[in-house]
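Topology and contacts: notes
Listed below are the residues making up each chain.
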Amino acid sequence: QTQLVESGGGLVQTGGSLRLSCAASGRIFSINDMGWYRQAPGKGRELVATITSGGSANYADSVKGRFTISRDNVKNTVSLEMNSLKTEDTAVYYCNAVVVGLRKDNYWGQGTQVTVSS
């Protein structure tokens, strides 16, 4: 069974940095797009950043210049380096991947809490 496991969330002060990581495991032939989404209290889930298997990245305007997404296609991992964090970055962050195994499916991690305090 394919699953995504995230790590790296926590509490940080405004202006600080955190790095999130996500590892995919299971019956994986290949992974297409991978990405990070977030959901703040009382709000819907929103895209933070995505990256193709070829390494092309896409960012939400709110995080451009502060966050960097990267992936390792051998280890089936995706990471999100978050710098200059703001209180409005506080949310549960979810890893996402389109995995090609026995079939192609969209998978989500369990979520990791990021809290930025002022």
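Quick word on the packing of aromatic side chains
Aromatic ring pairs are described here by two measures, namely the spacing of the ring centres and the angle between the planes. According to the stated counting rule, one finds one aromatic pair in the structure shown. On the numbers, 5.1 Å between centres and 70° between planes, the contact of Tyr37 with Trp108 is edge-to-face. Here Trp108 lies in strand β10 (residues 104–108) and Tyr37 lies in strand β4 (residues 30–39), a separation of 71 residues in the sequence. When its relative accessible area of 35% is taken as the criterion, Trp108 is described as partly exposed. One residue, Arg45, lies across the ring of Tyr94, its end atom 3.7 Å from the ring centre. Between the NZ or CZ atom of Arg45 and the centre of the ring of Trp108, over which it lies, the distance is 4.6 Å.

Let's talk about the layout of surface pockets
When its volume is computed, the largest pocket comes out at roughly 160 Å³. What lines the largest pocket is simply Arg38, Gln39, Ala40, Lys43, Gly44, Glu46, Ser62, Arg66, Glu88, Asp89, Thr90 and Ala91. Taken together, the residues of the lining of the largest pocket break down into two nonpolar, four polar and six charged.

Basis of the calculations
Residues numbered from 1 in each chain as written. Predicted model: local features only at pLDDT ≥ 70, side-chain atom pairs only at ≥ 80, totals over all residues. Heavy atoms only, no water. Phe/Tyr/Trp six-rings, centres within 6.5 Å; stacked < 30°, edge-to-face > 60°. Helix = DSSP H or I, 4+ residues; strand = E, 2+ residues; numbered from the N terminus. Buried < 20%, exposed > 50% of the residue type's maximum accessible area, 1.4 Å probe, protein only. Lys NZ or Arg CZ within 6 Å of the ring centre and 35° of its normal. 1 Å grid on protein atoms, 1.4 Å probe; cavity = no way out; pocket = protein on both sides within 12 Å on 5 of 7 lines; lining within 4 Å. Points joined across faces, edges and corners; volume = space filled by probe spheres on them. Nonpolar A, V, L, I, M, F, W, Y, C, P; charged D, E, K, R; others polar.

These figures capture arrangement, not role.
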